[in-house]
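# Geometric and topological summary
Read off the chains here:
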Number of protein chains: 2
Amino acid sequence: MATKVSVDRKREIIEGFYQLSKENGIENTSIAKIGKHLGMPPSLIMHYFPTRDILISNLISFILKRLLQIYTPIIKELRVQNYTDPHTFVERMFSRDWNLLIDDGVFYSCFSLIFRNDTIKWEYRNLHLKLRENLKEILDQDEKLNKKDTALLSEQIFVVVEGAYYYLSMIDDQELYEQKVEIFKNQVYDLLRV
Amino acid sequence: MATKVSVDRKREIIEGFYQLSKENGIENTSIAKIGKHLGMPPSLIMHYFPTRDILISNLISFILKRLLQIYTPIIKELRVQNYTDPHTFVERMFSRDWNLLIDDGVFYSCFSLIFRNDTIKWEYRNLHLKLRENLKEILDQDEKLNKKDTALLSEQIFVVVEGAYYYLSMIDDQELYEQKVEIFKNQVYDLLRV
DNA sequence: ATTTCTATTGAATGACCATTCAATATTATA
DNA sequence: TATAATATTGAATGGTCATTCAATAGAAAT
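The text that follows walks through the structure, step by step, so that each part is easy to find. Chains are numbered independently. Their residues run from 1 in the order of the written sequence. Chains carry letters and ligands carry numbers; both start at the beginning, A for chains and 1 for ligands, and go up in the order they are written. Under the rules for a predicted model, residues below a pLDDT of 70 receive no local features and side-chain atom pairs below 80 are neither given nor counted, while totals for whole chains, interfaces and linings still include all residues.

Helix and strand labels come from DSSP, where a helix needs a run of H or I of at least four residues and a strand needs a run of E of at least two; each type is numbered from the N terminus. On a plain count of helices and strands, chain A comes out with 10 helices and 0 strands. The N-to-C order of helical and strand elements in chain A reads α-α-α-α-α-α-α-α-α-α. Expressed as lengths along the three principal axes of its C-alpha atoms, the size of chain A is roughly 60 × 45 × 30 Å. To assign burial, the other C-beta atoms lying within 10 Å of each residue's own C-beta are counted, with C-beta atoms placed from the backbone; 20 or more indicates buried, 12 or fewer indicates exposed, and intermediate counts indicate partly exposed. Counting across all 194 residues of chain A, residues that qualify as buried make up 31%. Placing a C-beta atom from the backbone of each residue, one calls two residues in contact when those atoms lie within 7 Å. Considering only contacts within chain A whose residues lie at least 6 apart along the sequence, 60% involve residues at least 24 apart.

Working rule for contacts: place C-beta from the backbone, and if it is within 6 Å of a molecule or strand, that residue counts as near it. Close to DNA strand C lie 18 residues; A:Ser30, A:Ser43, A:Arg52, B:Ser6 and B:Ser43 are nearest. Nonpolar residues are Ala, Val, Leu, Ile, Met, Phe, Trp, Tyr, Cys and Pro. Charged residues are Asp, Glu, Lys and Arg, and all others, Gly as well, are polar. When grouped by side-chain class, the residues that make up the surface near DNA strand C number 8 nonpolar, 7 polar and 3 charged.

Surrounding DNA strand D, one finds 18 residues, the nearest of these being A:Ser6, A:Ser43, B:Ser30, B:Ser43 and B:Arg52. Residues belonging to the surface near DNA strand D are distributed by class as follows: 8 nonpolar, 7 polar and 3 charged.

What follows concerns the interface of chain A and chain B. Contact with chain A, which involves 30 residues of that partner, is made by 30 residues of chain B. Elements represented by at least two residues in the side of chain A that touches chain B include exactly α7 (104-111), α8 (118-140), α9 (150-168) and α10 (174-193) of chain A. Examining the composition of the side of chain A that touches chain B, we find that 10 residues originate from one element, α9(A), more than from any other.

For the pair chain A and chain B, the relating rotation is 180°, the translation along its axis is 0.0 Å, and the fit reaches an RMSD of 0.1 Å. A rotation of that kind, with that shift, is consistent with a two-fold axis. Identified as the residue of chain A closest to the rotation axis by C-alpha distance is A:Gly163, at 1.8 Å. When the interface residues of chain A are mapped onto chain B, 100% of them again lie at the interface, so the same face is used by both copies. A residue counts toward the fit only if its pLDDT is at least 70 in both copies, and the copies are then superposed by least squares on the C-alpha atoms of those residues.

Quick look at the packing of helix α8 (residues 118-140) of chain B against helix α9 (residues 150-168) of chain B now. Residue and element names in this part refer to chain B. What counts as an axis is a line fitted to C-alpha atoms, over the stretch in contact for a helix, and the angles between N-to-C directions run from 0 to 180 degrees. Put simply, α8 and α9 touch, their axes get as near as 8 Å, and they point 125° apart. Considering their axes alone, α8 and α9 lie oblique with respect to each other. The handedness of the crossing between α8 and α9 is right-handed. Together, Leu-131, Arg-132, Leu-135, Lys-136, Leu-139 and Asp-140 of α8 and Thr-150, Ala-151, Leu-153, Ser-154, Glu-155, Ile-157 and Phe-158 of α9 make up the contact between the two elements. Here the residues of the contact of α8 with α9 are counted per class, giving 7 nonpolar, 2 polar and 4 charged. Roughly parallel refers to an angle under 35 degrees, roughly antiparallel to one over 145, roughly perpendicular to one between 65 and 115, and oblique to any angle outside these ranges. For any pair of crossing helices, the crossing counts as left-handed if the nearer helix is rotated counterclockwise from the farther one by less than a right angle, and right-handed if it is rotated clockwise.

Before going further, it helps to spend a moment on the nonpolar core. Most often, soluble globular proteins keep nonpolar side chains buried together rather than apart. Among the nonpolar cores identified, the biggest contains 87 residues, and A:Ile157, A:Val160, B:Leu59, B:Ile157 and B:Val160 are the most heavily contacted of them. Ignoring any residue separated from it by four or fewer positions in sequence, one finds B:Leu59 in contact with B:Ile14, B:Phe17, B:Tyr18 and B:Cys110. Think of a nonpolar core as buried Ala, Val, Leu, Ile, Met, Phe, Trp, Tyr and Cys residues, each tied to the set through C-beta atoms within 7 Å.

This part takes up the environment of B:Thr150. All names here are of chain B. Take Thr-150: it is sitting in helix α9. Classification of Thr-150 as buried rests on a count of 20 C-beta atoms within 10 Å. Residues Thr-150 and Lys-136, 14 residues apart in the sequence, show an inter-C-alpha distance of 5.6 Å. When near neighbours in sequence (up to four residues on either side) are disregarded, Thr-150 contacts Lys-136, Leu-139, Asp-140 and Leu-145.

What follows is about the environment of B:Glu182. Residue and element names in this part refer to chain B. Tracing the sequence through the fold places Glu-182 in helix α10 (residues 174-193). The exposure class assigned to Glu-182 is exposed, which follows from the 11 C-beta atoms found within 10 Å. Taking the C-alpha atoms as reference points, Glu-182 and Ile-74, separated by 108 residues in sequence, lie 20 Å from one another.

Let us look at helix α1 (residues 4-24) of chain A. All names here are of chain A. Expected helix span is taken as 1.5 Å per residue step, with the number of steps being one fewer than the number of residues. A rise of 1.5 Å per residue sets the reference length of α1, with its 21 residues, at 30 Å; its end C-alpha atoms lie 30 Å apart and thus fit the reference within 8%. All of the buried residues in α1 are Ile-13, Ile-14, Gly-16, Phe-17, Leu-20 and Ser-21. Angular distribution of buried residues about the axis of α1 spans 155°; they occupy a single face of the element. For α1, exposure combined with an orientation more than 90 degrees from the buried face picks out Lys-4, Val-7, Asp-8 and Arg-11. As for α1, its buried residues are in contact with α2 (31-38), α3 (42-48), α4 (52-80) and α7. Gly-25 occupies a position one or two residues after α1 and carries a positive phi of about 90°. For this quantity, the arc is that covered by the directions from the helix axis to the C-beta atoms.

Our next topic: the packing of helix α1 (residues 4-24) of chain B against helix α4 (residues 52-80) of chain B. Residue and element names in this part refer to chain B. Viewed as axis vectors pointing N to C, α1 and α4 meet at an angle of 85°, and their least axial separation amounts to 10 Å. On the basis of the axis angle, α1 is roughly perpendicular to α4. Contacts between α1 and α4 pair Ile-14, Phe-17 and Tyr-18 from the former with Leu-55, Asn-58, Leu-59 and Phe-62 from the latter. Counted by class, the contact of α1 with α4 contains 6 nonpolar, 1 polar and no charged residues.

In this structure, A:Asp149 sits in the loop between α8 and α9. In this structure the C-alpha to C-alpha distance between A:Asp149 and A:Lys136, which are 13 residues apart in sequence, comes to 9.2 Å.

Shown next as structure tokens:
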């Protein structure tokens, strides 16, 4: 059984790792640097995470958990509202709150590891399946959609959302950014309408 | 003016860098390792690429050039066929050839650098704008689409393609993969139909 | 043939890296 | 209180890293 200290320390270390990775990239964030940042010797970090790979895999779990946490409150909110309509969900998916919770640089850095690590790939896939299931659940409550293949619809919507986030991350100009967001939001609404 | 030797050596080094990055990731590919792989001292590499950052930025140019090269032959092909229809393009975008030319792991690793490096971001953005312009050009030749906003359409299509590639890279099962490809292909065709 | 420029070599640098270990402090258990 | 388990420290390790430099070899220009 893990002690309270152990749990807290682990979280502290992972959060420090995340913080520094946000600023300088995972590849430039060493165990020594995390230690210095948190005021502890590197050996303590290695006491809780025996190898760097283990540390990274914990950072990924941390990130994916956060990502899921962006969605779950929306689902709950919709549930108490008796699933009035899925627009709440779509609006929220394209909102700013998202970007505040998770750094895209760290996210895509970690994502790029799926191509050489099956466990990481499995974790990422699992998250994305969960997200799709969540959306399906929401769509299923909408009467206007009760003749549609909501699993398919959910898949199609997320592909737009994920493609949009990829593309939007290259756009600096605020006005242009908003413009593009509108386009992609409408693209999702079109899917819901047809 | 660059000598022939210089041009060849530079390409040799970048290709070696790409090769090793494919196998072990950019972050695990040192200048010494590239040197050993190519049978040359690290100092020779640094003679042509004075810093590691410069080396990386050249790798990125190399990758993005390759990516553009996937599309340009399709455009040419369509041009001599007198732009019969954009389906050729769509089919090609989802075909296997793509994956052979560029490693997704390296691609997304490099992509993740846009968040901390404006030059890299600019390069990525530029590529994506070019790709969209290319597609617009093709769509503009299709009479069935002559009342549509082809710039918008091109944007929407690419968002599906890019989201699809992101999602598909997590799927190992061949059958499932093909199934998903069909879904996303149809999603693009739906955009063209409406 | 001499000079100038480029290409290539190999050794050396100090910085930083992940990881190990033995010692000490703290906390929980008996 | 004694013992066992966990938490923390700090120093040390060997390896790898990007980068520097001076020396040599070769090609091109004069």
